[in-house]
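Structural characterization, general
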Amino acid sequence: STELMAEKKSFFSTIFDMDLFAPDKEVNDYGARNRKGLDVGQLGAKSYIPAGMSKAEYEKIRAGDKAKKDANYAKNVAKAGKFTDYTAWYRKRGTDTNDSWVKSATKGHEMAKTKYDWSGGKDAPKYTGVEKK
């Protein structure tokens, strides 16, 4: 009976040993969308085309939207895996040896540029209510 038990795997071992990505190991990797062959559908004779627009104009808009989406995806894929090493940042700040970082203007925080000038300049987004000075 011990030989029989050695051959037969338990139900849970069978389930937990399954590899769901076995057919295509890279299907869930970041950037895999480029390999999937996603494309904008072709407009046919009965396809929706907005009023006042020709088929060619609408196809041009759809192609532009796809190009913009692909460029954004490529930009995000290029950023994948880039991060700040916490230990290096911690040592650079000097937290492990002294407390001079407390007296700095940023209190040890990293500063980043934002998309807008929040001082009330001309490029502030309208939804913020910040007016030009």
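Fair warning: this is a prediction, and the values are worked out from it, not measured in the lab.

Attention now goes to the overall build of the protein. Looking only at helices and strands, the protein features four helices and zero strands. Overall, the protein shows an N-to-C arrangement of helices and strands of α-α-α-α. Here the protein holds 133 residues, and 10% of them are scored as buried. For the protein, long-range pairs separated by at least 24 residues make up 21% of all intrachain contacts whose partners lie at least 6 apart in sequence.

With that settled, the discussion passes to the packing of aromatic side chains. Following the criterion strictly, the structure yields three aromatic pairs and no others. Each ring, one from F11 and one from F12, has its centre 5.3 Å from the other, and the planes form 75 degrees; the classification is edge-to-face. For the pair F11 and F12, a shared accessibility class is recorded, and that class is exposed. For the pair Y48 and Y58, a centre-to-centre distance of 6.4 Å together with 90 degrees between the ring planes defines the contact as edge-to-face. Residue Y48 is located in the loop between helix 2 (11–16) and helix 3 (55–78), and its partner Y58 is located in helix 3; the two are separated by 10 residues in the primary sequence. Relative accessible area serves as the criterion here: at 60%, Y48 is assigned to the exposed category. Through successive ring pairs, a cluster of aromatic residues spans F11, F12 and F16. Positioned above the aromatic ring of Y73 is the side chain of R33, whose terminal nitrogen or guanidinium carbon lies 3.8 Å from the ring centre.

On to the confidence of the model for the protein, then. Within the protein, residue pLDDT values average 81, and 83% of them lie at 70 or more. Ranking the elements of the protein by mean pLDDT puts helix 1 (residues 2–7) last, at 61, and helix 3 first, at 93.

To continue, consider the pattern of salt bridges. Close approach of charged atoms lets side chains of opposite charge pair. For the coordinates displayed, the defined rule picks out four salt bridges. K9 serves as the salt-bridge partner of D17, at 3.1 Å between the closest nitrogen and oxygen. With its nearest N and O atoms 2.1 Å apart, the salt bridge here joins K25 to D19.

On the surface, a nonpolar cluster with roughly 900 Å² of combined accessible area is contributed by F11, F12, I15, F16, M18, L20, F21 and V27. Along the polypeptide, I15 turns up in helix 2.

Calculation notes
Residues numbered from 1 in each chain as written. Predicted model: local features only at pLDDT ≥ 70, side-chain atom pairs only at ≥ 80, totals over all residues. Heavy atoms only, no water. Helix = DSSP H or I, 4+ residues; strand = E, 2+ residues; numbered from the N terminus. Buried < 20%, exposed > 50% of the residue type's maximum accessible area, 1.4 Å probe, protein only. Contact = heavy atoms within 4.5 Å. Phe/Tyr/Trp six-rings, centres within 6.5 Å; stacked < 30°, edge-to-face > 60°. Lys NZ or Arg CZ within 6 Å of the ring centre and 35° of its normal. pLDDT = per-residue confidence, 0-100. Salt bridge = Lys/Arg side-chain N within 4 Å of Asp/Glu carboxyl O. Patch = residues over 30% accessible without salt bridge, like charges linked within 9 Å, V, L, I, M, F, W, Y side chains within 5 Å. Areas by Shrake-Rupley, 256 points an atom, 1.4 Å probe, with all protein chains shown as cover.

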